[in-house]
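# Results of the structural survey
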Amino acid sequence: MSGGRDRTTLPSRRRRAQGVELKTAEEVEIMRQAATIVATVLKEIEAMVEPGLSTADLDAYAEQRIRGLGATPSFKGYHGFPASICACVNDQVVHGIPSKRQVLRRGDLLKVDTGAYYQGFHGDSCITLAIGEVSPKAQRLMAAAEAALYAGIDQVKPGNTLLDIAGAIEDSVVSAGFSVVEGFTGHGVGRNLHEAPSVFNVRTRELPNITLRPGMTLAIEPILNAGSKQTRTLKDQWTVVTVDRSLSAQFEHTVLVSETGYEILTDRDRLPTPEIPAVATKPGSR
Ligand code: MG
Ligand code: MG
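Residues numbered from 1 in each chain as written. Chains lettered and ligands numbered in written order. Predicted model: local features only at pLDDT ≥ 70, side-chain atom pairs only at ≥ 80, totals over all residues.

Attention now goes to the overall build of the protein chain. Within the protein chain, the regular secondary structure consists of 4 helices and 17 strands. Over its C-alpha trace the protein chain gives a radius of gyration of 18 Å, about what one expects of a compact globule, namely 19 Å for 286 residues. If one aligns the C-alpha atoms of the protein chain with their principal axes, the spans along those axes are about 60 × 40 × 35 Å. When the 286 residues of the protein chain are sorted by exposure, 48% land in the buried category. Residue pairs in contact within the protein chain that sit at least 24 positions apart in sequence constitute 70% of those at least 6 positions apart. (Helix = DSSP H or I, 4+ residues; strand = E, 2+ residues; numbered from the N terminus. Rg over C-alpha atoms; globule rule 2.2 N^0.38 Å. Buried ≥ 20, exposed ≤ 12 C-beta atoms within 10 Å, placed from the backbone. Contact = placed C-beta atoms within 7 Å.)

Structural data, given as structure tokens:
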């Protein structure tokens, strides 16, 4: 099918709509591969996390795995970020720098966000994981974060708008009794890790609303706090934490606006259950 004037098919050559790049079928196929690398790494990290591992151990694993799969870590060096994953524990909201000193303990809530750059395109995804058994509130927060992401994704189809996504996310989070962090948004993703549009998570008129079109590829990533939505940045200039020390959780997927709805490019569920990977380094082993 040609791109032509039909607005319900993927474009046959690269085009823009409302300032947003529409990917061609060939480009989407490469993005599927980039996103699958991200999903693979996150699924393996999910299988391997346990108390005693440090977030630096997870970062080392992610970097060698992404490179082993023929890609480059999207985050490493991005605006100077020093690692291949963002690792946030408990009240850390976003952009946590992995550290040997951040050793996971039973009861921690861990967010792992990573990206892979493959043949010119990025994939981007984030998961929240419970380290051992976590509190009932932490469990509810995790479940609400995942539900909010899927409520947003459910609105992805040609003709709907970013406000449809944001409204569904906001309603989902509010009904669960948690707050949405407003200072950070999702984004377009493709040739650039972050590109137009900003995919906001609450109803706002401060950011451009756009109509979704086939070929748009969006990273949807609501962040939920158990308490206040207010955050602050630590002295390392990266790590963002909740002001009231309450827990924070986030899930993110890279999603294609398809001809009929959506395709979750970073879907982990379609991947086989990983062998539990041998951890590269355990604390005390170096
Ligand atoms: Mg991300
Ligand atoms: Mg992202």
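A separate point is the sheet that holds strand β5 (residues 92–94). With respect to topology, 3 strands assemble into an open sheet ordered β5-β14-β13, the strand pairing being antiparallel. Sheet topology places β5 and β13 (231–233) at the edges, where each strand pairs with a single neighbour. Adjacent strand axes in the sheet meet at a mean angle of 40°, parallel and antiparallel pairs treated alike. Relative to strand β14 (residues 240–242), β13 runs antiparallel, the two sharing 3 bridges. Across the sheet, R232 pairs through a bridge with V241, a residue of β14. (Pairing = 2+ DSSP bridges. Axes fitted to C-alpha atoms, helices over the stretch in contact; angles between N-to-C directions.)

Here the focus is the sheet that holds strand β11 (residues 217–220). Sheet architecture is open: 5 strands sit in the order β10-β9-β11-β16-β17, paired in antiparallel fashion. If you trace the sheet from one side to the other, it starts and ends with β10 (195–199) and β17 (262–264), each paired once. Neighbour-to-neighbour, the strand axes of the sheet open up by a mean angle of 25°, direction not taken into account.

In this section: the pairing of β11. On β11, burial covers both faces: T217 and A219 on one face and L218 and I220 on the other are all buried. Taken together, the 2 bridges between strand β9 (residues 186–188) and β11 define a ladder with antiparallel strand orientation. Along β11, the bridge assignment pairs G188 with L218.

With that settled, the discussion passes to the packing of helix α1 (residues 25–48) against helix α2 (residues 55–68). At their nearest, the axes of α1 and α2 sit 10 Å apart, and the two run at 145° to each other. As α1 packs across α2, the resulting crossing turns out to be right-handed. Facing I37, V41, E44 and I45 of α1, the residues of α2 in contact are L58, Y61, A62, R65 and I66. Split into classes, the residues belonging to the contact of α1 with α2 amount to 7 nonpolar, no polar and 2 charged. (Left-handed = near helix turned anticlockwise from the far one by under 90°. Nonpolar A, V, L, I, M, F, W, Y, C, P; charged D, E, K, R; others polar.)

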